[in-house]
Amino acid sequence: MSTGTRPPGPVLREQVDRPEVDIDDPRLTRFDLVKEGARRDGVDIVQYEPRFPAPGTRAERRAERSIALLFLLAFLSAAAFFAIYIWWPWRYDPGSNLSKLYTPLLGLTLGLSLAPIGFGIIAYAKKLLPMEVAVEHRHVGGSPPADRKLTGALLASIADETAIQRRPLIKGALATSLLGIGVVATVPLIGGLIKNPHKMAGQPEGLGDVLMHTGFDPAYNNGKPVRLVHEDGTPIRPSDVSVGGQITVFPGIPDGATNKFADSPTLLIHLRTSDAETLRRNLAHVPINEGVMWGDYVAYSKICTHAGCPASLYEQQTNRLLCPCHQSQFQITDNARPIFGPATRRLPALPLDVDAEGFFIAKSDFKVPVGPGFWERP
Amino acid sequence: MKRRTPELRALPAESLGALDDRLHSASPLRKILNKVFPDHWSFLLGELALWAFIILLLTGTFLTFFFDPSMEEVRYNGSYTPLRGVSMSRAYETSLNISFDVRGGLVIRQMHHWAALLFMAAIIVHMLRVFFTGAFRKPRELNWIVGLLLFWVGFLEGFCGYSLPDDGLSGTGLRIASAIMLSIPVVGSWLTTAIFGGEFPGTEIIPRLYIVHVLLVPALLVALISVHLALMVLQKHTQWPGPGRTNDNVVGERAYPRYATKMAGFFMIVFAVVAIMGGLFQINPIWLFGPYKAAAVSSASQPDWYVLFLEGSTRLFPNWEIRVADHTVPAIFWPAVVLPGILTVLPMLYPFLEARFTKDRASHHLLQRPRDVPTRTGLGAMAVSFYVVLTLSGGNDVIADKFHISLNATTWAGRIGLIVVPPLAYYVAHRICLGLQQHDREVLAHGIETGVIRRLPDGRFIEVHQPLGPVDEHGHGQLEYTGWAVPKKMNRVGALGPAIKGFFFPIEKPPQAPVSPAPQLPAESERREVEARR
């Protein structure tokens, strides 16, 4: 078919397949060359017409003006951003409302210096650039059979030429050497990272099994029982906790209240007498819990047995402890039994006593590991 | 002086020529510039994720200049008076400094966080688009897998990122992460001490997460994104069915001049939205949470939204701990290790499973409307509802608090909902698909309802239908369903002219009626054939 008389509209495949035009033909326009280039790339420009066929119309000028306005607006916002960044009071000042506006104004002016550019560019593309429909040929499926065959032969010959299959000795030796390299590559990484959780270095004698001990272990205190202390390190007398009240306590050892002993935070609860009676009854038949309470006081690990969050929301009326992470609930008067949520195990109790000076101490560490479960946990 | 001007004008051509002498680039350059992109709003979703990622790189680089990932204990003495004198890690102190003592630091930090949320959201919505339109089918299975990997790597990147400030919330997140690692049978405790460099929290974890967050995972993301885009270019974009569009062409616009220009504009707009959000909407106000302390946490402790579904699964899963012979498999192992494992592998296999069950081994480049594949759409609805129930359950304490519902009731609602809602969603989605299919066929057969009621001589009332094409002797339309939108309103077939445009002045000449989704491409040869047959 001749190119000159083709009606507008797509004749998709034919045009791509038509013979090359002579690109040195002086009658060709530049757009003819563009089309020919596209055609050689398998792309047929089906429709390509200017938005404003007659240049300089009012509509075109209006579009130009509004796009230019957007770009100017972007510049003004950028200037405002600059001015605010330099001159607006930005230092944190609780009494000043101006400084509170610093971040919002920066974000707003930054956004307003970017958005009009974006809208301007898109408006330019949509309103001023020529309307276009192009069709690109798409090859469906794999390579031509000839290519597959030739490449397949090459690959097979590579595999054959190395002839590793025919030399079992080299094959075995090579595999062994690769294994060696693999070991050499991974061992330093694993070896550098690995730490035996059951024999952690740098721990006091007998405390290497870090998952099994907390800061309340007497070994951290030269064998003497550890005091219960506030976060600031002051020891606690029974009278410090009112009836029905609870406080978070930490082991009274150096850094005992820091994240170094993240498993140690414990909740010291002063139960009402009737609740304490209930708890004492519930504890009676379990030998491990003998002597856990001191008077109406009891201390349970604060570290949830599910995922290790601090179970810190205590409901005084029902004596329930709720972990805010996954909503496990523990009934304190039933020896911290989990009564709802994903936790399976009770919170371990810390055996309480009061020393000669009248401060709370832990008679021993928790008798079971605190916190989330793990494979080796008995 | 006279000879200077022509020389200057010839300079671009000359330098391009010099470049081509060395690089032999004329043909590949032309091919890139001539590449055709199909246009549809839903194809911008993946691009949105890409732009969000670039914003993340820019803002993140800024943050590294001021952040110090050290867990050394320091005493805060910065501008934020309520925390003065509090002992905290250096990481938390420098995070506070970015918010209060670095000029403009807070807006960049909040932009970084918002861009991260946007990145993950764009990935998920893009993934839904690809799934529901069947764009993952042969030959694009590999790119579907790369996309899924991008989601999980992005998830990891986000988790590492929001753990870095070492505030109360991020420390709690790490605590839960350590419990999840501890729960893995046999190796759990060894893995945890290896990663934390000892017992939780230790002093190693933030520096390690930092290098993972700013180097290792971003490098992986860049690599995966490059593969994702390269495969997209190689296999060419899918397109919706429509006039002139076939399985072996791509109808759209060439990259230049229009398509790439619009992409650049879109990037600017995404950047602008992120900047405005970073300025106006507070996110992660770490100074309110305080430094991480193992003994402190508050209610409404939620991770970033894309992690919520795992938080939800952990909350919902019953307390089924297994204890055999002095060994423990904690309950948290199932919802937090096994479930994500299933959610990683199953979607990767989906394209192959679907091909196997439908016995469809052909290459597909035309998209399917979700209604035309009711089973897949139903399965997708099932997956989405599963995810939504989990995500809502991740915030069940907030729901219980705001709506005054019992907390335990919300947990039970989640547990039951997780089992009941997905099959229900499947059924409903399937029925809706069939209904929509039927309606398409009905309009093709009987025409568009015009809303014009006519009274017949015998007294009956009928509604006049506008056929979409030639009709047979029974008045039934003869057009076949082609997999693309059937016009269902008279306005869509040009019954009403477009509204007059222009705010102050009407524009001179009303343009052509807007045609969605693409300009009409009536195949000339086909039309002639039809006419000849008549």
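Cut-offs and rules
- Residues numbered from 1 in each chain as written.
- Chains lettered and ligands numbered in written order.
- Predicted model: local features only at pLDDT ≥ 70, side-chain atom pairs only at ≥ 80, totals over all residues.
- Helix = DSSP H or I, 4+ residues; strand = E, 2+ residues; numbered from the N terminus.
- Rg over C-alpha atoms; globule rule 2.2 N^0.38 Å.
- Contact = placed C-beta atoms within 7 Å.
- Buried ≥ 20, exposed ≤ 12 C-beta atoms within 10 Å, placed from the backbone.
- Pairing = 2+ DSSP bridges.
- Axes fitted to C-alpha atoms, helices over the stretch in contact; angles between N-to-C directions.
- Parallel < 35°, antiparallel > 145°, perpendicular 65-115°, else oblique.
- Left-handed = near helix turned anticlockwise from the far one by under 90°.
- Nonpolar A, V, L, I, M, F, W, Y, C, P; charged D, E, K, R; others polar.
- pLDDT = per-residue confidence, 0-100.
- Expected span 1.5 Å × (residues − 1).
- Core = buried A, V, L, I, M, F, W, Y, C linked by C-beta atoms within 7 Å.

A. Representation of the overall build of chain A in the model. Looking only at helices and strands, chain A features 8 helices and 12 strands. Relative to the compact-globule value of 21 Å for 378 residues, chain A shows a C-alpha radius of gyration of 39 Å, a clear excess of over 25%. Projecting the C-alpha coordinates of chain A onto the three principal axes gives extents of approximately 110 × 80 × 40 Å. Within chain A, contacts between residues at least 6 apart in sequence are counted, and of these 56% link residues at least 24 apart.

B. Looking closely at the overall build of chain B. Within chain B one finds 17 helices and 8 strands. Taken along its principal axes, the extent of the C-alpha atoms in chain B is 85 × 85 × 55 Å. When burial is assessed residue by residue, chain B has 38% of its 534 residues classed as buried. Counted over contacts in chain B with a minimum sequence separation of 6, partners at least 24 positions apart contribute 70%.

C. Expanded view of unusual backbone geometry. Between K138 of chain B and P139 of chain B the backbone carries a cis peptide bond, its omega angle lying at 10°. Geometrically, the link from Y256 of chain B to P257 of chain B is a cis peptide bond, its omega value of 5° lying close to zero. Here P257 of chain B lies in helix α10 (residues 255-280). Phi angles above zero are rare outside glycine, and N319 of chain A is one such case at about 55°.

D. Summary view of the sheet that holds strand β1 (residues 36-37) of chain B. Strand order in the open sheet formed by 4 strands is β1(A)-β2(A)-β4(B)-β1(B), and the pairing between neighbours is antiparallel. Looking at strand neighbours, the two that pair on one side only are β1 (43-49) of chain A together with β1 of chain B, the edges of this open sheet. Relative to strand β2 (residues 131-137) of chain A, β1 of chain A is paired through 6 bridges, and the arrangement is antiparallel. Within β2 of chain A, the position partnered with E49 of chain A by the bridge is M131 of chain A. Contacts from α10 of chain B reach β2 of chain A together with β1 and β4 (249-254) of chain B, with the element oriented near 80° to β4 of chain B.

E. Examining the packing of helix α6 (residues 141-163) of chain B against helix α13 (residues 333-358) of chain B more closely. Residue and element names in this part refer to chain B. Interaxial distance between α6 and α13 falls to 9 Å at its minimum, and their mutual angle equals 165°. As the angle between them shows, α6 and α13 are arranged roughly antiparallel. Crossing of α6 over α13 shows right-handed handedness. When α6 is examined against α13, the residues E141, W144, I145, L148 and W152 are found in contact with a partner set consisting of T344, P347, M348, P351 and F352. The residue inventory of the contact of α6 with α13, partitioned by class, reads 8 nonpolar, 1 polar and 1 charged.

F. Spotlight on the sheet that holds strand β4 (residues 246-251) of chain A. All names here are of chain A. Judged by pairing direction, the sheet is antiparallel, and its 6 strands sit side by side in the order β6-β5-β4-β3-β12-β11 without closing on themselves. Either end of the sheet is taken by a strand with one partner, and the two such strands are β6 (297-301) and β11 (352-354). For this sheet, the mean angle separating the axes of adjacent strands, direction not counted, is 40°. By the bridge criterion, 3 bridges tie β11 to strand β12 (residues 360-362) in an arrangement that is antiparallel. By the bridge assignment for β12, V354 is matched with F360.

G. Layout of the interface of chain B and chain A. Each partner contributes to the interface: chain B provides 93 residues, whereas chain A provides 80 residues. Among the elements that line the side of chain B that touches chain A, the one with the most residues is α10 of chain B, at 17 residues. Residue composition of the side of chain B that touches chain A, by class: 43 nonpolar, 32 polar and 18 charged.

H. Region of interest: the confidence of the model for chain A. The predicted model of chain A averages 89 in pLDDT, with 95% of residues at 70 or higher. With pLDDT under 50 throughout, residues 1-16 of chain A is counted as low confidence; its partners more than four residues away or in other chains account for 24 contacts.

I. Here's a closer look at the environment of S313 of chain B. Position of S313 of chain B among the secondary structure elements: in helix α12 (residues 308-316). Measuring from C-alpha to C-alpha, the distance between S313 of chain B and W152 of chain B comes to 17 Å, with 161 residues separating the pair along the chain.

J. Up close: the environment of P340 of chain B. Residue and element names in this part refer to chain B. Mapped onto the elements, P340 comes out in helix α13. The class for P340 is partly exposed, based on 16 C-beta atoms found within 10 Å. Each C-alpha atom, one on P340 and one on F309, is 9.9 Å from the other, the two residues being 31 residues apart in sequence.

K. Broad picture of helix α5 (residues 105-132) of chain B. Residues and elements named next belong to chain B. Taking 1.5 Å as the rise per residue, α5 with 28 residues should run 40 Å; its terminal C-alpha atoms sit 40 Å apart, in good agreement. Most of α5 is tucked away: 22 of the 28 residues are buried. Note on α5: the residue one or two positions beyond its end, G134, has a positive phi of about 75°.

L. Focus on the nonpolar core. Of all hydrophobic cores here, the largest spans 86 residues; its most connected members are L268, V298 and A299 of chain A. Ranked by residue count, the leading element in this core is helix α7 (residues 168-182) of chain B, at 8 residues.

M. Inspection of the pairing of strand β10 (residues 337-340) of chain A at higher detail. Residue and element names in this part refer to chain A. Inspection of the sheet shows strand β9 (residues 329-331) paired to β10 by 3 bridges, in the antiparallel sense. What sits directly across from F330, in β10, is P338. Between the end of β9 and the start of β10, which pair antiparallel, lie 5 residues, with N335 showing a positive phi angle near 60°.

N. Broad picture of the environment of V186 of chain B. Residues and elements named next belong to chain B. Residue position: V186 is located in the loop between α7 and α8 (188-196). We classify V186 as exposed; it has 11 C-beta atoms within 10 Å. For the pair V186 and H327, spaced 141 residues apart in the sequence, the C-alpha separation amounts to 9.0 Å.

O. Representation of the packing of α12 of chain B against helix α16 (residues 407-446) of chain B within the structure. Residue and element names in this part refer to chain B. Contact pair α12 / α16: the axes reach a minimum separation of 9 Å and the direction vectors enclose 105°. In terms of their interaxial angle, α12 and α16 are classed as roughly perpendicular. Mapping the contact onto sequence places G312, R315 and L316 in α12 and T411, G414, R415 and L418 in α16. Grouping the constituent residues of the contact of α12 with α16 by class yields 2 nonpolar, 3 polar and 2 charged.

P. Quick look at helix α5 (residues 102-128) of chain A. Between its first and last C-alpha atoms α5 of chain A spans 38 Å; for 27 residues at 1.5 Å apiece the expected length is 39 Å, and the two agree. Counting buried positions along α5 of chain A yields 20 of 27 residues, so the element is predominantly enclosed.

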